[in-house]
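Structural description and commentary
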Amino acid sequence: MIGLISATAAGAAARDRLAAAWPDRTRVYEGPVGDAVRAAFGQCEQIVCFVATGAVVRLVAPLLAGKTSDPGVVCVDEAGRFAVSLLGGHGGGANDLAREVGEVLGARPVVTTATDAVGLAGLDTLGLPVEGDVAAVSRALLDGEAVALRREVAWPLPPLPVADEGAYTIRVTDRLVERAEREAVLRPPTLVAGVGASRGAPADEVLDLVEAALREAGLAPSSLAELATVDAKAEEPGVVEAARRLGVPLVTYTAGELAAVAVPNPSDAPLAAVGTPSVAEAAALVRGGELLVAKRKSERADGRPAMATCAVVRRPGRGRLAVVGLGPGARDLLTPRAKAELRRASVLVGLDQYVDQIRDLLRPGTRILESGLGAEEERARTAVAEARAGHAVALIGSGDAGVYAMASPALAEASDDIDVIGVPGVTAALAAGAILGAPLGHDHVSISLSDLHTPWEVIERRVRAAAEADLVVTFYNPRSRGRDWQLPKALAILAGHRAPTTPVGVVRNASRPDESSRLTTLAALDPATVDMMTVVTVGNTATREIAGRMVTPRGYRWQEETE
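Here goes a summary of the coordinates provided. Here the residue numbers are simple positions, counted from 1 along each chain's written sequence. The predicted nature of this model means local features are confined to residues of pLDDT at least 70 and side-chain atom pairs, given and counted, to a pLDDT of 80 or more, with totals for whole chains, interfaces and linings taken over all residues. As a rule here, side-chain values come from all non-hydrogen atoms in the structure, and water together with hydrogens is ignored.

1. Here's the deal with the overall build of the protein chain
Our working rule: Helical segments are the DSSP runs of H or I of at least four residues, strand segments are the runs of E of at least two, and each set is numbered from the N terminus. Burial classes follow relative accessibility: with a 1.4 Å probe on protein chains only, a residue under 20% of its type's maximum area counts as buried, one over 50% as exposed, and anything between as partly exposed. Any pair of residues with heavy atoms lying within 4.5 Å of one another is described as a contacting pair. Counting rule for charge: Lys and Arg are taken as positive, Asp and Glu as negative, and neither His nor the chain ends is counted. A charge is said to be at NZ when it belongs to Lys, at CZ for Arg, at CG for Asp and at CD for Glu.
Along the protein chain, the regular secondary structure elements total 19 helices and 28 strands. For the protein chain, the spread of C-alpha atoms along the principal axes amounts to about 95 × 65 × 60 Å. The proportion of buried residues among the 563 residues of the protein chain is 47%. A sequence separation of at least 24 residues applies to 65% of the contacts in the protein chain between residues at least 6 apart. For the protein chain, the distance from the average position of its 59 positive side-chain charges to the average position of its 70 negative side-chain charges is 1 Å.

Below, the structure written as structure tokens:
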């Protein structure tokens, strides 16, 4: 919850704008400011104060307990010009909150955290437990000193300016290690503990068993991702409480799912009790991985039979492939989600000219794999291979990456061993349509006239179908030096079904500095004026030119009644 506090009427007006934008995330604190700050400090994860920073500093100073527990605090001036990350920039999320507040209020976010200021991913912002000499390693990264990355387990990380060797080290491991000087240790959530339990098994017995299994195998409890068991034990109090104390989710599987898992130590006891020859090992292994601790039983001080079993598996870190659409070219048409994915990726794969468009958005340490025209399949294979190696990868394309771009070859190459995220972008058809007016106001279709991958016979059949169905048509890849006859042929097909005066919009380099557009007709369009940087939109029989704009009506009945 985000607490909102103001001291004046002007501040309250800005406060209420934020509350209206985030009704489910915020709580307004009324009354004296000092009382409100003290109450919010103890009740909220974050606070936004529409109060002078000096006053807030004095109010929160006596309340501070530590950077891992204090809420993030953002101060906004009463005019709503600046959103200052004052406290808990990383741990409390105040830096991101300042940016969010700025977007809602039109304020400029003010972030002074060193790593954020230079675009580095802070080691304490990666979503992983981090131990060791974090401050010294972070300072070395900021100073440009050589910092080595030692990945003992694969895990997708954001870009970091690291080297093969260095006086400082970032170590990615799930093992208990003696931390070296000048070393920060990242703990990825790679470990799964499968547990079985008799009815009434005490939580302490389950917890002691899991902790002992991890400790004796030299594994870090902070890398434990989940407890797993059979669904018959989903509400077993001792198992539920053990998961709560470990701070991990309890994940359950059916007996049938577990029975299908090959395990080294099956048993008749769980088969008779819950219908599977293994609970602990099977629950840990059901989603794959390396068995690090085979099934072991708990030990009871009273000598009575064990009531809990445990096994531990290391699951490989899943690589992450984000297929990102960059939009038609203008920076303000690049979505915030796309920007976030570009900054998150440690590996960027793309066409060289597209990489140049967004190079300035990349964080230091991003590894760039760029290539020229005609290497789409190679880029797709490269991106998938990098993700399979455990990296966070962004594969970029213009417009929307799923429209005549990189998503289809990448997803044809990818299997279910990586996470794939699609990030939509503004397509060339949409960008051109906005420039022309509203040509896509009713049913429409996009057709590429490039026959490099599709036989012309197939393209021609699609154009004829669109012509007969009276669909507005946007032609991609309409004409190049080596393909100068396809556009005239396609226009001739449409002319057999539409009047010569049918509006046609021609837009070149939509949203880019050298953008140009014109409105003509089906009969007057000269194909020689069109190139590969152009999209051609041909209206249907209802499309009209109105006040110099291309408009395809929605065709509502009320429109017909008022004509």
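Additional details are given in the paragraphs that follow.
2. Re the sheet that holds strand β19 (residues 392-397)
Adjacent strands of a sheet pair through backbone hydrogen bonds, lying either parallel or antiparallel. Cut-off, in case you're wondering: Strands are labelled as partners when DSSP assigns at least two bridges between them. With axes taken as lines fitted to C-alpha atoms, and helix axes fitted only over the stretch in contact, angles between N-to-C directions fall between 0 and 180 degrees.
Read across the sheet, five strands follow the order β18-β17-β19-β16-β20 without closing on themselves; strand pairing throughout is parallel. In this open sheet, the two strands that pair with only one neighbour each are β18 (367-371) and β20 (419-423). Each neighbouring strand pair of the sheet contributes to a mean axis angle of 15 degrees, computed without reference to strand direction. With six bridges joining them, strand β16 (residues 320-325) and β19 adopt parallel strand pairing. What sits directly across from V324, in β19, is I396. Across the face of the sheet, helix α12 (residues 336-344) comes into contact with β16, β17 (347-351), β19 and β20 while running at roughly 140 degrees to β16.

3. Notes on the environment of A255
In this fold, A255 is placed in helix α9 (residues 255-259). Once the C-alpha coordinates of A255 and D352 are considered, the two residues, 97 residues apart in sequence, prove to be 51 Å apart.

4. Examining helix α2 (residues 33-43)
Rules: To obtain the arc, one takes the directions from the helix axis to the C-beta atoms.
Of all the residues in α2, the buried ones are V33, G34, A36, V37, A40 and F41. Along α2, the residues classed as buried sweep out an arc of 160 degrees about the axis, all on the same side. Where α2 is buried, its residues meet β1 (2-6), β2 (26-29), β3 (46-50), α3 (53-60) and β5 (82-87).

5. Examining the sheet that holds strand β22 (residues 444-448)
As summarised here, the arrangement of the five strands in space is β22-β23-β26-β24-β25, forming an open sheet in which the pairing is mixed. On the outer flanks of this sheet lie β22 and β25 (516-521), each paired with one strand and no other. Strand after strand, the sheet turns through a mean of 20 degrees between neighbouring axes, direction not considered. Here six bridges tie strand β24 (residues 503-508) to β25, and the two strands are oriented antiparallel to one another. In the sheet register, V504 faces β25, and the bridge partner there is T520. The strands touched by helix α17 (residues 456-468) within the sheet are β22 and β23 (472-476), with β22 carrying the most contacts at an inclination of about 160 degrees. Each of β23 and β26 (534-538) touches helix α18 (residues 486-495); the most contacted strand, β23, lies at about 175 degrees to it.

6. Overview of the pairing of strand β9 (residues 168-172)
Of all five residues in β9, five are buried; the element is thus mostly enclosed. Of the two faces of β9, the one holding Y168, I170 and V172 and the one holding T169 and R171 are both buried throughout. Of the strand pairs in this sheet, strand β8 (residues 147-151) and β9 are connected by five bridges, and their pairing is parallel. Within β9, the position partnered with R151 by the bridge is V172. With four bridges joining them, β9 and strand β10 (residues 183-186) adopt parallel strand pairing. Looking at the pairing, T169 lines up with E183 of β10.

7. Here's the deal with the packing of aromatic side chains
Put simply, the rule is: The rule is short: rings of Phe, Tyr and Trp, with Trp giving its six-membered ring, pair when the centres are within 6.5 Å, and they are stacked under 30 degrees, edge-to-face over 60, tilted in between.
Applying the stated rule across the entire model yields two aromatic pairs. Aromatic side chains Y404 and Y476 sit 4.8 Å apart centroid to centroid with 50 degrees between the ring planes, which places their arrangement in the tilted category. With Y404 in the loop between β19 and α15 (407-413) and Y476 in strand β23, this residue pair connects regions lying 72 residues apart in the sequence. Since its relative accessible area comes to 45%, Y404 is described here as partly exposed. Y476 gets classed as buried once you look at its relative accessible area, which sits at 10%. Taking the centre distance of 5.0 Å and the plane angle of 70 degrees together, the rings of W456 and W485 count as edge-to-face. Here W456 is found in helix α17, whereas its partner W485 is found in the loop between β23 and α18, with 29 residues between them in sequence. W456 gets classed as buried once you look at its relative accessible area, which sits at 10%. A residue is classified by how much of its surface remains accessible, and W485, at 41% relative accessible area, is partly exposed.

Functional significance is not addressed by these values, which are geometric in nature.
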